[in-house]
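If you want the building blocks of each chain, they are given just below.
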Amino acid sequence: MNLKKDLFPIFKKQHIEFVDKRTEVEGIKTFSFKSDPMPEWEPGQHGIFTITHKKIKKATRPFSVASIHQEGLVKITTNIDYDPSDYKEALDGLTQGMTIRMRGPIGGFYIKENKPTLMLAMGLGITPYRALLKSLELKNGDGGTVALQAPIELLYYNRTGTFLYEDELNTLCEKTQTTKELLTDFAKFQSEIKAFVNHHEDDGRYFVVGSPKMTKELVAFLRGLGINKKHILKDSFIGH
Ligand SMILES: Cc1cc2nc3c(=O)[nH]c(=O)nc-3n(C[C@H](O)[C@H](O)[C@H](O)COP(=O)(O)OP(=O)(O)OC[C@H]3O[C@@H](n4cnc5c(N)ncnc54)[C@H](O)[C@@H]3O)c2cc1C
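Chemist: Is there a simple way to explain the site of the ligand in this structure?
Modeler: Around the ligand lies a shell of 20 residues, among which Arg 61, Thr 78, Ser 85, Thr 127 and Gly 239 are the nearest. If you list the elements that add at least two residues to the shell around the ligand, you get β4 (60-64), β5 (74-79) and α2 (86-92). Considered class by class, the residues forming the shell around the ligand number 7 nonpolar, 9 polar and 4 charged. Looking at the shell around the ligand, you find at least three residues from each of domain 1 (3-106) and domain 2 (117-236).

Structural data, given as structure tokens:
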């Protein structure tokens, strides 16, 4: 772990200003915030966001940052359903100019090596990959973290058939030469993973994001295929 990058930013607190929100698909929205100065973060990291404009219990939640620094906005995407928590209700009630507090972003969920990379997203777990792919797109120009020449594959599973950022993912994957499959069948998802593993084995780097249950299951699946723990990076969306 790189303490300076992955952990110490937890002590960085700043207020970020709500700019706008957009509905991605029914019940799922992206919230954008600006800040001056803009924080720096590694694409793929998550921030700790606290509601401050309203008094609520349990006012803090972690969210992956779905944007990159160069976009000039901190973007988070989350589900706001028919019976949202107090937190989500307060988030949804933000109007332009209001602020929330952010700590970080933190975490080790970012690309560190130029290795064949398999990105596994389940449900809302696609959020950090938007940032990772955006940064890889920039790499063709300038900035970003590691320039990946190795093959990249994105496998995005959602049994409901609802896929976030679909148009954007098409463009990003094309520009970054990322192979992409959107899947509703878990058995097919697993067989695509197996195909990647058969090809790249432990030379590959495996990124896994989803609910704790799904993440645990998938990590066990990769381990069962012989992948070393060190080569699996996971973000468990605790709370889902
Ligand atoms: C690293 C990381 C990244 C995440 N990124 C995203 C993202 O990009 N998009 C997204 O929608 N969600 C993300 N989550 C999950 C998010 O933080 C919320 O937990 C989730 O959205 C549910 O929020 P809610 O208000 O509906 O919780 P509720 O369903 O109301 O929560 C139920 C109970 O669980 C507790 N709880 C909720 N969340 C957490 C938590 N994270 N840790 C401990 N207790 C909790 C609450 O206090 C409450 O008691 C991420 C979580 C982690 C750990």
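Chemist: It is not clear to me how the sheet that holds strand β9 (residues 178-183) should be interpreted in this structure. Could you clarify?
Modeler: Whenever strands of a sheet pair, they do so through backbone hydrogen bonds, lying parallel or antiparallel. Strand order across the open sheet formed by 5 strands is β9-β8-β7-β10-β11, with parallel pairing between neighbours. Edge positions in the sheet fall to β9 and β11 (232-236), since each has one partner strand and no second. For this sheet the average axis-to-axis angle between neighbouring strands, irrespective of direction, equals 10°. Sheet analysis places strand β7 (residues 117-122) next to strand β10 (residues 205-210), joined by 5 bridges and oriented parallel. Considered in β10, the bridge of Ala 121 is made with Val 209. Helix-sheet contacts for helix α3 (residues 127-139) involve β7, β8 (152-157), β9, β10 and β11, and the interaxial angle to β7 is about 145°.

Chemist: What exactly am I supposed to notice about the pairing of β10 here?
Modeler: The side chains of a regular strand alternate between both faces of the sheet. Among the 6 residues of β10, 6 are classified as buried, and the element is accordingly described as predominantly covered. Alternating residues of β10 divide into Arg 205, Phe 207 and Val 209 and Tyr 206, Val 208 and Gly 210, and every residue in both groups is buried. This β-α-β element, β10 to helix α6 (residues 212-224) to β11, shows right-handed connectivity.

Chemist: Even after reading the chapter, I still don't get the sheet that holds strand β1 (residues 13-25), so can you show me in this structure?
Modeler: The sheet built from 6 strands is open, its strands ordered β4-β3-β6-β1-β2-β5 with antiparallel pairing. The outermost strands of the open sheet, each flanked by one partner alone, are β4 and β5. The sheet shows a mean angle of 40° between the axes of neighbouring strands, direction not considered. Taken together, the 5 bridges between β1 and strand β6 (residues 99-106) define a ladder with antiparallel strand orientation.

Chemist: Explain unusual backbone geometry here, please?
Modeler: Comment: phi is negative for the bulk of residues other than glycine, and the bulk of peptide bonds are trans. Geometrically, the link from Asp 36 to Pro 37 is a cis peptide bond, its omega value of 0° lying close to zero. Mapped onto the elements, Pro 37 comes out in the loop between β2 (28-34) and β3 (46-51). Going from Gly 104 to Pro 105, the amide bond is cis rather than trans, its omega being 0°. Residue placement: Pro 105 occurs in strand β6. Of note, Lys 58 is a non-glycine position whose phi angle comes to about 50°, a positive value. Turning to its location among the elements, Lys 58 is positioned in the loop between β3 and β4. Overall, Lys 58 belongs to the exposed group, with 9 C-beta atoms counted inside 10 Å. One non-glycine residue, Gln 177, lies in positive phi territory at about 50°.

Chemist: Mind showing me how you'd approach helix α5 (residues 186-200) here?
Modeler: Structural remark: α-helix, 3.6 residues per turn; residues separated by three or four positions point the same way. End to end, α5 covers 21 Å across 15 residues, agreeing with the expected 21 Å (1.5 Å per residue, within 8%). Among the residues making up α5, those that are buried are Phe 189, Ile 193, Phe 196 and His 200. Angular distribution of buried residues about the axis of α5 spans 60°; they occupy a single face of the element. Of the exposed residues in α5, those oriented more than 90 degrees away from the buried face are Ala 187, Ser 191 and Asn 198. Of the surrounding secondary structure, the elements contacted by the buried residues of α5 are β7, β8, β9 and α6. Downstream of α5 by one or two residues, Glu 201 has phi in the positive range, about 45°.

Chemist: Looking at this model, I keep getting lost on α6. Mind explaining?
Modeler: With 13 residues, α6 ought to run about 18 Å at 1.5 Å a step, and its terminal C-alpha atoms sit 18 Å apart, in line with that. In this fold, the buried residues of α6 make contact with β7, β10 and β11. Positive backbone phi, at 95°, marks Gly 226, one or two positions downstream of α6.

Chemist: It is not clear to me how the pairing of β3 should be interpreted in this structure. Could you clarify?
Modeler: Two elements, β3 and β4, share 5 bridges in a ladder whose sense is antiparallel. Bridging across to β4, Ile 48 finds its partner in Pro 62. In this sheet, β6 lies alongside β3 in antiparallel orientation, the contact comprising 5 bridges. Bridge pairing in β6 places Ile 48 opposite Arg 103.

Quick notes on the rules
Residues numbered from 1 in each chain as written. Predicted model: local features only at pLDDT ≥ 70, side-chain atom pairs only at ≥ 80, totals over all residues. Near = placed C-beta within 6 Å. Helix = DSSP H or I, 4+ residues; strand = E, 2+ residues; numbered from the N terminus. Nonpolar A, V, L, I, M, F, W, Y, C, P; charged D, E, K, R; others polar. Domains from an automatic or database assignment. Pairing = 2+ DSSP bridges. Axes fitted to C-alpha atoms, helices over the stretch in contact; angles between N-to-C directions. Contact = placed C-beta atoms within 7 Å. Buried ≥ 20, exposed ≤ 12 C-beta atoms within 10 Å, placed from the backbone. Right-handed = clockwise from strand over helix to strand, strands pointing away. Expected span 1.5 Å × (residues − 1). Arc of directions from axis to C-beta.

Function cannot be inferred from these measures alone, as they are strictly geometric.
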